[in-house]
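Listed here are the chains, written in short residue letters.
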Amino acid sequence: GQQVMQIPQYQHVQEGEDFTTYCNSSTTLSNIQWYKQRPGGHPVFLIQLVKSGEVKKQKRLTFQFGEAKKNSSLHITATQTTDVGTYFCAGTEDSWGKLQFGAGTQVVVTP
Amino acid sequence: DGGITQSPKYLFRKEGQNVTLSCEQNLNHDAMYWYRQDPGQGLRLIYYSQIVNDFQKGDIAEGYSVSREKKESFPLTVTSAQKNPTAFYLCASTTPDRAIPNTGELFFGEGSRLTVL
């Protein structure tokens, strides 16, 4: 069955540095979504990518969907303490309503 | 304000007891979902419902049951058959863009943390 894997599992970042988290699927995805979960909180939707090779930006966050629609990345520039949390990617094949979540990348920011 | 309400936030249960977690939404969403989250793991789908009076098993449905009698409500029962029920349970809802399948963003409740004593 479909599997979505995220790397790295943990990311320690110095404030001001950039980092990237990656999401890889064993199958071709129809779309991919990214969520952020703050410590003790619930996941909050960040963005959705649908098209092959799509790139979207939200301020310091850049999201990319691979050409083959089997991988995605989230790049954060100039990391801030507000970026702390776990970032999940979630993808789906054609079956309606069944998002497959990755295990997440837990981001810790040191001042 | 529109949103998803889960209750209770914290619940303690003795082994062998069934418990029901509540999930109510006033977003007029068609689809609702239950996920389980364990430390260091992603969200795993327990059950989902695309429409009232219909629901499907997710990846880890064993030991759980649901109902969808009203559009706004999707309660989850954790039965005594669930071997390891201690976890964080998240309810979510969405209205997919019917022009492109699976394009709806998920709106999550604040979660219910179940601990089995």
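Each remark here, short or long, concerns the structure printed above.
Keep in mind that what you see is a predicted model, and the values were worked out from it rather than measured.

Colleague: Hey, could you run me through the environment of B:P75 in this one?
Modeller: Counting through the fold element by element, B:P75 comes out in the loop between β7 (64-66) and β8 (76-78). Separated by 54 residues in sequence, B:P75 and B:L21 place their C-alpha atoms 5.7 Å apart.

Colleague: Where do I start with the state of the cysteines in this structure?
Modeller: Where two cysteines share a covalent bond between their sulfur atoms, that bond is called a disulfide. All names here are of chain A. Applying the stated criterion to the full structure yields two disulfides over all chains. Two residues, C23 and C89, share a disulfide whose sulfurs are 2.0 Å apart. Around the S-S axis, the bridge from C23 to C89 shows a dihedral of about 80° and counts as right-handed. Of this pair, C23 sits in strand β3 (residues 19-25) while C89 is found in strand β9 (residues 85-92), placing the two residues 66 residues apart along the sequence. Each member of the pair, C23 together with C89, is buried.

Colleague: Mind showing me how you'd approach the pairing of β9(A) here?
Modeller: On a regular strand, one side chain projects to one face of the sheet and the next to the other, so that they alternate. Residue and element names in this part refer to chain A. Across the eight residues that make up β9, a large majority, eight, are buried. By the bridge criterion, seven bridges tie strand β4 (residues 31-37) to β9 in an arrangement that is antiparallel. Bridging from a neighbouring strand, W34 pairs with C89 of β9. Two elements, β9 and strand β11 (residues 105-110), share three bridges in a ladder whose sense is antiparallel. Across the sheet, the residue bridging to G85 is V107, located in β11. Direction of pairing for β9 relative to strand β10 (residues 100-101): antiparallel, over a ladder of two bridges. In the strand pairing of β10, G91 is matched with Q100.

So, how was this worked out
- Residues numbered from 1 in each chain as written.
- Chains lettered and ligands numbered in written order.
- Predicted model: local features only at pLDDT ≥ 70, side-chain atom pairs only at ≥ 80, totals over all residues.
- Heavy atoms only, no water.
- Helix = DSSP H or I, 4+ residues; strand = E, 2+ residues; numbered from the N terminus.
- Disulfide = S-S within 2.5 Å.
- Buried < 20%, exposed > 50% of the residue type's maximum accessible area, 1.4 Å probe, protein only.
- Pairing = 2+ DSSP bridges.

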